[in-house]
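# Overview (structure and organization)
Here is how the chains run, residue by residue.
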Amino acid sequence: MQSSKFTMPRFPEPYWKEEEIPSFEKLKSDTATDIAVVGGGITGITAAYLLVKEGFNVSLLESGSLINGTTGHTTAKVTAQHGLLYDDLISHLGEEKALAYYQSQAEALHFIRSITSQRKIECDFSNEDAFIYAESSKSAKKLEKEMEAYQKLGISGELSESIPFNIDTKAVLSMKNQAQFHPLKYLKPLLRDFLDAGGKVYEHTTAADIEEGENARVVTNEGFKVQCKHVVIASHFPFADFKGFYFAKMHPERSYSIGVKTKKDFPGGMYFSADKPARSLRSTPFNGGELIIVGGESHKTGQGINTVKHYEALEEFAEEMLGITDYPYRWSSQDLFTLDMVPFIGPITSKQKNIYVATGFRKWGMTHGTAAALLIKDLIVNKENPYAHLYNPARFEADPSIKKFIATNTNVAAHMVKGKLEPAEKKKEELKADEGAVVKIDGKRTGAYKDENGKLHLIDRTCTHMGCECEWNEAERTWDCPCHGSRFSYKGEVVEGPAVKPLKKVKPK
Ligand SMILES: Cc1cc2nc3c(=O)[nH]c(=O)nc-3n(C[C@H](O)[C@H](O)[C@H](O)COP(=O)(O)OP(=O)(O)OC[C@H]3O[C@@H](n4cnc5c(N)ncnc54)[C@H](O)[C@@H]3O)c2cc1C
Ligand code: FES
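Residues numbered from 1 in each chain as written. Chains lettered and ligands numbered in written order. Predicted model: local features only at pLDDT ≥ 70, side-chain atom pairs only at ≥ 80, totals over all residues.

### Describing the overall build of the protein chain
A tally of helices and strands in the protein chain yields ten helices and 26 strands. The C-alpha atoms of the protein chain give 22 Å as radius of gyration, which agrees with the globular expectation for 509 residues (23 Å, within 12%). For the protein chain, the spread of C-alpha atoms along the three principal axes comes to 65 × 60 × 50 Å. Expressed as a percentage of its 509 residues, the buried residues of the protein chain come to 49%. Long-range pairs, those at least 24 residues apart, make up 71% of the contacts in the protein chain with a sequence separation of at least 6. (Helix = DSSP H or I, 4+ residues; strand = E, 2+ residues; numbered from the N terminus. Rg over C-alpha atoms; globule rule 2.2 N^0.38 Å. Buried ≥ 20, exposed ≤ 12 C-beta atoms within 10 Å, placed from the backbone. Contact = placed C-beta atoms within 7 Å.)

Printed below as a string of structure tokens:
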């Protein structure tokens, strides 16, 4: 690997964060509303916006700050080209469901495009073609099959040979007339409309449980209750399960992004590699010029080993493609993968008809989150929606899910035991400033981070969700759970759910 010309930005901040979002007080007493929406990302805000427009009283609950979860750390391509997908969907689910999938995504893109234009939202929206490129002959064959799937489904695309980068491609597949935008600039006016229509927002309010019933109650971790007729769980990983076994039906994968200024101009378009390691490229307007967003390096959460290396690999790729002149941003994030590549959107189980979930977007949640909001709104107002069946969380397609179902569970069980048995990585005295590792304290394996002032922060790595052992993430200075993706700060505070309780602090005897 070539040595870096630039010092990697110390803090992992996404470019989108430059946009200021209003802040809100936390919930301080019991309250009642028609609909409680939990989670202030693209799914929750779009659902809240649509439901308030239907005349409902809606309260939006967010455990941290709005648009600071996955939506605040996305790449924000708005497209139905979700990697190589449609040929697989046709094989596993049939042409009808593959077509429904495509149409739901095309409608979500249409929704974003129309609302941006009608409301004159200045969110750096631009129409772009999306491209998948293959560098190996094996992937080129897959692109040919995918093109056949496009033709069967009537998707407008084209097979060609090259893209305007210094990459030796064997085949390239385009999907025409897709888009990209700035997610915070897009969601801010929706949030404003929601508030103007009487919607309420509570930040720093973690939903910990739901008491079910015709009048459900969302219970916060401070014990306050929000009584409502419907609950929309848009918390990314669902914070409640109701024996829907979401913890066994999904797994989290992290990937990395850098925002760089480059010597060469960006040729337009949005790019994604078919081969591994995955690479994603797009540009966005930035201070009168443009910022190039390079993404990739996907791995299962908590299994990234040396997380800094992932940023270095992206930097090297960007340098080769376009020549870096400035490297102001880097960030990482994770999304959830379902067993059959199709998200779970609808009632959380077949028994809980008034509690809805939207999750498992496989890193394509700009359209999926929007499609989910549109679908859940229809379910609540009793309007037929052609995609309800496809996304129904109660489905269980036998092919290819069952084997993966078992594999996912085995993976979780293995992590519960593995972390407790392995030897400690270091002695606490060996830790340098700004370094984290597993050390032995009073005979027990303990998570340790020595901060820049030499203070040692000790935590019990046992995840408060279901007991797996968290791993140190060097690049973000967090403890990440390999099972369902909960993340904790070095002090043990929850950074990302499904866990709602902090890690226990360890005090040496
Ligand atoms: C690296 C990366 C790149 C991506 N690039 C793209 C792309 O180019 N195009 C695309 O379409 N998609 C992309 N995605 C996927 C997309 O960003 C996500 O699918 C989408 O943002 C998910 O939105 P959400 O609203 O469901 O979740 P989030 O944005 O994560 O929102 C959930 C919110 O719920 C809150 N919350 C969690 N638990 C609780 C609780 N118990 N109580 C209250 N609040 C809670 C969280 O704090 C969070 O704010 C990418 C994903 C990743 C990881
Ligand atoms: S055990 Fe589920 S996120 Fe950690």
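Don't stop here, the text continues.
### Describing the packing of helix α2 (residues 86-93) against helix α3 (residues 95-118)
Two elements in contact, α2 and α3, have axes whose closest approach is 7 Å; the angle formed by their N-to-C orientations is 140 degrees. As judged from the angle between their axes, α2 and α3 are oblique. Viewed along their axes, α2 and α3 form a crossing whose handedness is right-handed. Residues Tyr86, Leu89, Ile90 and Leu93 of α2 form the contact with α3, whose own contacting residues are Glu95, Lys97, Ala98, Tyr101 and Tyr102. Broken down by class, the residue content of the contact of α2 with α3 amounts to seven nonpolar, no polar and two charged. (Axes fitted to C-alpha atoms, helices over the stretch in contact; angles between N-to-C directions. Parallel < 35°, antiparallel > 145°, perpendicular 65-115°, else oblique. Left-handed = near helix turned anticlockwise from the far one by under 90°. Nonpolar A, V, L, I, M, F, W, Y, C, P; charged D, E, K, R; others polar.)

### Quick look at helix α1 (residues 42-53)
Taking 1.5 Å per residue as the helical rise, α1 with its twelve residues ought to reach 16 Å, and the 17 Å between its terminal C-alpha atoms agrees with that figure. Taken across its twelve residues, α1 has eleven buried, putting it largely inside the fold. Along α1, the residues that are buried comprise Ile42, Thr43, Gly44, Ile45, Thr46, Ala47, Ala48, Tyr49, Leu50, Leu51 and Val52. Directly after α1, the chain includes Gly55, whose backbone phi takes a positive value near 95 degrees. (Expected span 1.5 Å × (residues − 1).)

### Description of the site of ligand 1
In the neighbourhood of ligand 1, 40 residues make up the surrounding shell, with Gly39, Gly41, Gly69, Thr74 and Gly365 lying closest. Elements with a contribution of two residues or more to the shell around ligand 1: α1, β13 (250-262), β17 (324-338) and α8 (365-380). In terms of residues, the shell around ligand 1 owes the most to one element, α8, which gives four residues. (Near = placed C-beta within 6 Å.)

### A word on the sheet that holds strand β20 (residues 435-441)
Here we have three strands laid out as an open sheet, ordered β20-β21-β22, and antiparallel in their pairing. Edge positions in the sheet fall to β20 and β22 (456-459), since each of these pairs with one other strand and no more. Each strand of the sheet is rotated relative to its neighbour by a mean of 35 degrees, with strand direction disregarded. Direction of pairing for β20 relative to strand β21 (residues 444-450): antiparallel, over a ladder of seven bridges. (Pairing = 2+ DSSP bridges.)

### A closer look at unusual backbone geometry
For the bond from Lys276 to Pro277, the omega torsion is -5 degrees, close enough to zero to count as cis. Summarising the element assignment, Pro277 is placed in the loop between β14 (270-273) and β15 (279-286). Here the phi dihedral of Asn382 falls at roughly 60 degrees; this positive angle occurs in a residue that is not glycine. Among the residues examined, Asn382 registers 6 C-beta atoms within 10 Å and is labelled exposed. Positioned with a positive phi, Asp434 is a non-glycine residue whose angle comes to about 65 degrees. Take Asp434: it is sitting in the loop between α10 (398-421) and β20.

### Let's talk about the pairing of strand β19 (residues 355-359)
Most of β19 sits inside the fold, with five of its five residues counted as buried. Alternating positions in β19 separate into two faces, Ile355, Val357 and Thr359 on one and Tyr356 and Ala358 on the other, with burial throughout. Sheet topology note: the strand β18 (residues 344-347)/β19 ladder contains four bridges and is antiparallel. Its bridge partner lying in β19, Ile345 is registered against Ala358.

### Some points on the packing of α1 against α8
Relative orientation of the contacting elements α1 and α8 amounts to 35 degrees, with a least axis distance of 8 Å. Relative to α8, α1 is oriented so that their crossing is right-handed. Taking contact as the criterion, the partners of Ile42, Thr43, Thr46, Ala47, Leu50 and Leu51 in α1 are, on α8, Gly365, Met366, Gly369, Thr370, Ala372, Ala373, Leu374, Ile376, Lys377 and Ile380. In terms of residue class, the contact of α1 with α8 is built from ten nonpolar, five polar and one charged.

### Details of the sheet that holds strand β9 (residues 207-211)
The strands making up a sheet associate through hydrogen bonds between their backbones, and the pairing can be parallel or antiparallel. One open sheet holds the four strands; their spatial order is β1-β11-β10-β9, and the pairing between them is mixed. Pairing within the sheet leaves two strands with one partner each, and these edge strands are β1 (31-32) and β9. As paired elements, strand β10 (residues 216-220) and strand β11 (residues 225-228) share four bridges and run antiparallel to each other. The residue bridging Ala216 from the neighbouring strand is Cys228, located in β11.

### Brief notes about α3
Between its terminal C-alpha atoms α3 stretches 34 Å, which fits the 34 Å expected from 24 residues at 1.5 Å a residue. Those residues of α3 that fall on the buried side of the exposure criterion are Lys97, Ala98, Ala100, Tyr101, Tyr102, Ser104, Gln105, Ala108, Leu109, Ile112 and Thr116. Trailing α3 by a residue or two, Lys120 shows a phi angle of about 50 degrees, which is positive.

### As for the nonpolar core
Among the nonpolar cores identified, the biggest contains 109 residues, and Val37, Val38, Ala48, Val232, Ile233 and Ile376 are the most heavily contacted of them. Looking at this core element by element, the count peaks at eight residues for α1. Those residues in contact with Ile233 that lie beyond four places of it in its chain are Val38, Pro238, Phe239, Ala240, Ile348, Ile355, Tyr356 and Val357. If you look at the next biggest cluster of nonpolar residues, it comprises twelve residues, including Cys470, Trp472, Trp479 and Ala499. (Core = buried A, V, L, I, M, F, W, Y, C linked by C-beta atoms within 7 Å.)

### Some points on the environment of Leu61
Mapped onto the elements of the fold, Leu61 is located in strand β3 (residues 58-61). In this structure Leu61 comes out as buried when scored by C-beta crowding, with 27 C-beta atoms within 10 Å. For Leu61 and Val201, which are 140 residues apart along the polypeptide, the C-alpha to C-alpha distance reads 6.1 Å. Not counting residues up to four positions away in its chain, the partners in contact with Leu61 are Leu27, Ala36, Val38, Tyr202, Thr205, Ala207, Val218 and Val226.

### Some thoughts on the environment of Pro238
Tracing the sequence through the fold places Pro238 in the loop between β12 (230-233) and α6 (246-249). C-beta crowding within 10 Å serves as the criterion here: with 28 such atoms nearby, Pro238 is assigned to the buried category. In this structure the C-alpha to C-alpha distance between Pro238 and Tyr356, which are 118 residues apart in sequence, comes to 9.7 Å. If we skip the residues at most four places from it in the chain, Pro238 touches Ile233, Tyr246, Ile348, Val357, Thr359 and Pro498.

These figures come from the coordinates and say nothing about function on their own.
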